[in-house]
Amino acid sequence: MRKNIVAGNWKMNKTFPEAEKLMKDLLAYKSKESTHCQVSIVPPSIYLSLAREIFKNKEVGLFSQDVSKHSHGAYTGEISAAMLQSMQLDGSLVAHSERRAYHRENDTLAKEKINALLAAGLRPIYCNGESLEERKAGKHLEVVKKQTETALFGLSEEEIKKVIIAYEPVWAIGTGETASPNQAQEIHSLIRNLIAEKYGRETAEEISILYGGSVKPDNAKEIFSKPDVDGGLIGGASLVLEDFIKIIQAFD
Ligand code: 13P
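None of these values were measured; they are calculated from a predicted model.

Peer 1: Just to check I follow, could you spell out the nonpolar core for this structure?
Peer 2: Nonpolar side chains in soluble globular proteins tend to be buried together. Ranked by internal contacts, the top residues of the largest apolar core, which has 70 residues, are Met23, Phe55, Leu152 and Phe224. For this core, the leading source of residues is helix H9 (residues 181-199), giving eight residues. Contacts of Phe55, omitting those with residues within four sequence positions, involve Met23, Leu26, Leu27, Ile41, Val60 and Leu62. With 11 residues, the next largest nonpolar core counts Ala7, Val42, Leu93 and Ile164 among its residues.

What follows is the structure, encoded as structure tokens:
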């Protein structure tokens, strides 16, 4: 059966000493408590090597916030899948809405990045979701369908099983506004049904689909209780250890 996952996307936050403290505190928590979900963090890439050192026994999963579609070469500022793999990381986010908004990433590029990660034996956390205008226009189902098909449906059955999907409606990210549990469930089940139609129900049931967008300690449990919501990709609340722990404990 599919895994429940809580992943903290730190985005562009924390100085080195702050990052080190948060990681060490999270390790201390993980060392004394058993959790009922897989816990991962997605720190700024400059701290991934530190994270690998701190979580040397893989107590916490480690993902990059982005990856290049290129294998290597003259691409200043970029990080390759092979680099991530050589540090024994788990994978990378792909096509986060902030990459889409500020770096013009789209699902065609997402597809290339996903291929690069899978070729290196890593797991993509593929992010999608509609904008406020698209939801207001009643196009949210159509938008997410198109995104999912473009980015993922060239994959083989074996490949798609390695992908984690994060539905993050743009209007709910960092806004304090959350999709209602039913709104999240509607899209999650749409995504799972699309995968089932293409790859079969058994495959679709193995894929973890996370919700992201203003998940907080007080709404996590209700959102995660929906049948097709397998956890969360947490932004702001993952920067405060107590809040992140409460969200992890929503699975207890
Ligand atoms: P917030 O939890 O801050 O809304 O961010 C969600 C997100 O974008 C996680 O990737």
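Peer 1: Would you take a moment to explain the layout of surface pockets for this structure?
Peer 2: Rolling a probe over the atoms, with the probe sized like a water molecule, indicates the empty space that remains. In this model, the largest pocket occupies a volume close to 490 Å³. Along its surface, the largest pocket is lined by 20 residues, and Ser45, Gln65, Asp66, Arg99 and His103 are the ones closest to its centre. Considering every element that reaches the lining of the largest pocket, the biggest residue donor is helix H4 (residues 97-103), with four residues. Within the lining of the largest pocket, the residues separate by chemical class into seven nonpolar, eight polar and five charged. Counted as a void, the second largest pocket has a volume near 160 Å³. Around the second largest pocket sit 16 residues that line it, and Lys11, Gly174, Ser214, Gly235 and Gly236 are the ones nearest its centre. For the lining of the second largest pocket, a count of residues per class yields four nonpolar, nine polar and three charged.

Peer 1: Would you mind showing me how to read the packing of helix H7 (residues 140-152) against H9 here?
Peer 2: Between two packed helices, the angle of one axis relative to the other and the distance separating the axes together describe the packing. Look at H7 against H9: their axes get within 10 Å of each other, and the N-to-C directions meet at 40°. As far as their axial angle goes, H9 and H7 are oblique. Where H7 crosses over H9, the two elements pack in a sense that is right-handed. Every residue of H9 that contacts H7 at His140, Leu141, Val144, Lys145, Thr148, Glu149 and Leu152 is listed here: Glu186, Ile187, Leu190, Ile191, Leu194 and Tyr199. When grouped by side-chain class, the residues that make up the contact of H7 with H9 number eight nonpolar, two polar and three charged.

Rules of the game
- Every chain is numbered independently, its residues counted from 1 as its sequence is written.
- Local features in this predicted model are restricted to residues whose pLDDT is 70 or higher, and side-chain atom pairs enter the listing and the counts only when it is 80 or higher, whereas totals over whole chains, interfaces and linings include all residues.
- To get the side-chain values, all heavy atoms of the structure are used, and hydrogens and water are removed first.
- The criterion is simple. A nonpolar core is a set of buried Ala, Val, Leu, Ile, Met, Phe, Trp, Tyr and Cys residues joined through side-chain atoms within 4.5 Å.
- Any residue under 20% of the maximum accessible area for its type is buried, any over 50% is exposed, and the rest in between are partly exposed; the area is computed with a 1.4 Å probe on protein chains only.
- Put simply, DSSP H or I for four residues or longer makes a helix, DSSP E for two residues or longer makes a strand, and each gets a number counted from the N terminus.
- Contacts: residue pairs with any heavy atoms within 4.5 Å of one another.
- Within this scheme a cavity is a closed region of a 1 Å grid, computed over the protein atoms alone, that accommodates a 1.4 Å probe without allowing it to escape, whereas a pocket is open but has protein on both sides within 12 Å along at least five of seven lines; lining residues each have an atom within 4 Å of a point.
- Grid points are joined across faces, edges and corners, and a volume is the space filled by probe spheres set on the points.
- Under this grouping Gly is polar, as are all residues other than the nonpolar Ala, Val, Leu, Ile, Met, Phe, Trp, Tyr, Cys and Pro and the charged Asp, Glu, Lys and Arg.
- Between the N-to-C directions of two axes lies an angle of 0 to 180 degrees, each axis being a line fitted to C-alpha atoms and, for a helix, fitted only over the stretch in contact.
- If an angle is under 35 degrees, it is roughly parallel; if it is over 145, roughly antiparallel; if it lies from 65 to 115, roughly perpendicular; otherwise it is oblique.
- Working rule for handedness: look at the near helix, and if it is turned counterclockwise from the far one by less than a right angle, call the crossing left-handed; if clockwise, right-handed.

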